Amino acid sequence: MTQRTSEITVGLFMLAGLAALLFLALQVSGLTPKSAESTYTVYADFNDTGGITPRGRVSMAGVTIGSIESINLNTETFQARVAMSIHGDVDNIPADSAAVIRTSGLLGEQYIDISIGGEMDSLEAGDTFYSTQSAMNIERLISNFASGK
Amino acid sequence: MIDRIASFGRSGLELVVSIGRAGRFLAGVLSGVPRPATGFPLLVKQLYSVGVLSLAIVVVSGLFIGMVLGLQGYTILSDFGSEAAIGQMIALTLVRELGPVVTALLFAGRAGSALTAEIGLMKATEQLSSLEMMGVDPLRRVIAPRLWAGFIAMPVLAIIFSMVGIWGGMLVGVDWLGVFEGSYWGNMQASVDFFDDVVNGVIKSIVFGFVCAWIAVYQGYDCVPTSAGISSATTKTVVYSSLAVLGLDFVLTAVMFGNF
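Remember, predicted model here, so these are calculated numbers, not experimental data.

### Overview of the overall build of chain A
Turning to step 1, where the next piece is worked out: Scanning chain A for helices and strands turns up two helices and seven strands.
Turning to step 2, where the next piece is worked out: Going residue by residue from the N terminus, the α and β elements of chain A occur as α-β-β-β-β-β-β-β-α.
Turning to step 3, where the next piece is worked out: Its C-alpha atoms give chain A a radius of gyration of 22 Å, clearly above 15 Å, the size a compact globule of 149 residues would have.
Turning to step 4, where the next piece is worked out: Here the C-alpha coordinates of chain A stretch approximately 85 × 40 × 30 Å along the principal axes.
Turning to step 5, where the next piece is worked out: Across the 149 residues in chain A, those meeting the buried criterion constitute 19%.

Structure representation (structure tokens):
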């Protein structure tokens, strides 16, 4: 094994490692290189956020249009204030649209679905959804049903 | 009775002494700044024998472990009707735990034992002392390239292991058992975070690589220069490396994923 051959194989080995790291970054963890993509932030207040988490999905008609940035408790209203970053090219969400927390499948993860309203004005950056619908809580549903409400 | 207590105390003292010697040895190896012109070819040679030659066992084990995870995960998850989550399960298991840990165990067995035996034989045949006679520092010439090679090669091997394992899981889950390919990758991408999961896994493998290489070269350098001494040093390398890797893995996991 000459020095040159071993240098070449070691170089290939390091390249294979870099390629594998790139694979883990792009294909496995879904890291997108276009991080400079423009987004804008809108807010929604929920009574119960259920199981949504930051980096969760925000979708409209089943298509992902953004992600959940942060979830904080508003200590004045005691509601959860959810910040969502929406892709910049979806800039015409009607202002009276509703943010609804839904579950994908029976046991799947929860996400925010935007039900489209009918108003001509659209939501701007920093706006808050007027109407929201909290996560469906099966225990609460059953207890309401049992108490006849 | 007193004799037993005394021998217990003696083994404790010996343990502390050998840890101290290993620390001084490490400081001696790392303090010598390698000259690029002479150091680089030595490092490349060691990277070849430690890294490239370990690639085959790492790739084959990664493939089979991924395939077994796919099979086992499918059996368990299909009981709950959520076999689509198999991609998430395989990727998180491999990237966080099995990738770094199994690679480190294989690395200790494949490369660590070879390093110990090589250095031990050099010591037994007095090659190390003749280097010293010639005014060449054996720590810098012989030990340092091997230590750095282990340190560099281990994360690369662990990353390749994870990638091959995820691919093997796809082979079983998607191509054989019929999980939808889109949900395999989609669930994976939704749950694996690059910095929380992938980078933490790489940090783990860097720590393991350092510990395994350190134990291997120290055991070789410190062994009793006889054939029995070399064989017991080689055994110690594999045993100590495996225990250190598993123990450190628990500590690192608690720090990284313990949420406290």
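### Section: the nonpolar core
Turning to step 1, where the next piece is worked out: Formed by 72 residues in total, the largest nonpolar core has its most connected members in B:Leu157, B:Ile159, B:Ile160, B:Cys212 and B:Val217.
Turning to step 2, where the next piece is worked out: Counting only elements with at least two residues in this core, the list comes to α1 (3-28) of chain A together with α2 (36-50), α3 (55-79), α4 (86-124), α6 (138-176), α7 (181-191), α8 (194-222) and α9 (227-257) of chain B.
Turning to step 3, where the next piece is worked out: Among the elements that line this core, the one with the most residues is α6(B), at 20 residues.
Turning to step 4, where the next piece is worked out: Ignoring anything within four residues of it in the chain, the contact list for B:Val217 reads B:Leu115, B:Ile119, B:Ile143, B:Arg146 and B:Leu147.
Turning to step 5, where the next piece is worked out: By size, the runner-up hydrophobic cluster in this structure holds 17 residues, among which are A:Ala44, A:Ile93, A:Ile101 and A:Phe129.

### What about α8(B)?
Turning to step 1, where the next piece is worked out: Taking 1.5 Å of rise per residue, 29 residues should cover 42 Å, and α8(B) covers 40 Å from first to last C-alpha, within 8% of that figure.
Turning to step 2, where the next piece is worked out: By the criterion of burial, α8(B) is predominantly enclosed, with 21 of the 29 residues buried.

### Describing the domain arrangement of chain A
Turning to step 1, where the next piece is worked out: Here the domain parsing of chain A yields domain 1 (1-34) and domain 2 (39-143).
Turning to step 2, where the next piece is worked out: Taking only C-alpha atoms into account, the centre of domain 1 of chain A sits 40 Å from that of domain 2 of chain A.

### Details of the confidence of the model for chain B
Turning to step 1, where the next piece is worked out: Mean pLDDT for chain B: 89, with 98% of residues reaching 70 or above.
Turning to step 2, where the next piece is worked out: We note a pTM of 0.77 for the whole complex and an ipTM of 0.79 for its interfaces.

### Observations concerning unusual backbone geometry
As a rule of thumb, non-glycine residues mostly have phi less than zero, and peptide bonds are mostly trans rather than cis.
Turning to step 1, where the next piece is worked out: Even without being a glycine, A:Phe78 presents a positive backbone phi close to 55°.
Turning to step 2, where the next piece is worked out: Mapped onto the elements, A:Phe78 comes out in the loop between β3 (63-74) and β4 (79-87).

### Description of the sheet that holds strand β2 (residues 57-60) of chain A
All names here are of chain A.
Turning to step 1, where the next piece is worked out: The mixed open sheet is built from seven strands, whose spatial order is β1-β4-β3-β2-β6-β5-β7. In the strand order of this sheet, the two ends are held by β1 (39-46) and β7 (131-133), each with one partner. Each strand axis lies, on average, 30° off the axis of its neighbour in the sheet, ignoring direction.
Turning to step 2, where the next piece is worked out: Pairing analysis gives six bridges linking strand β5 (residues 98-103) to strand β6 (residues 110-115), with the strands arranged antiparallel. In the strand pairing of β6, Thr103 is matched with Gln110.

Calculation rules
- Residues numbered from 1 in each chain as written.
- Chains lettered and ligands numbered in written order.
- Predicted model: local features only at pLDDT ≥ 70, side-chain atom pairs only at ≥ 80, totals over all residues.
- Helix = DSSP H or I, 4+ residues; strand = E, 2+ residues; numbered from the N terminus.
- Rg over C-alpha atoms; globule rule 2.2 N^0.38 Å.
- Buried ≥ 20, exposed ≤ 12 C-beta atoms within 10 Å, placed from the backbone.
- Core = buried A, V, L, I, M, F, W, Y, C linked by C-beta atoms within 7 Å.
- Contact = placed C-beta atoms within 7 Å.
- Expected span 1.5 Å × (residues − 1).
- Domains from an automatic or database assignment.
- pLDDT = per-residue confidence, 0-100.
- Pairing = 2+ DSSP bridges.
- Axes fitted to C-alpha atoms, helices over the stretch in contact; angles between N-to-C directions.

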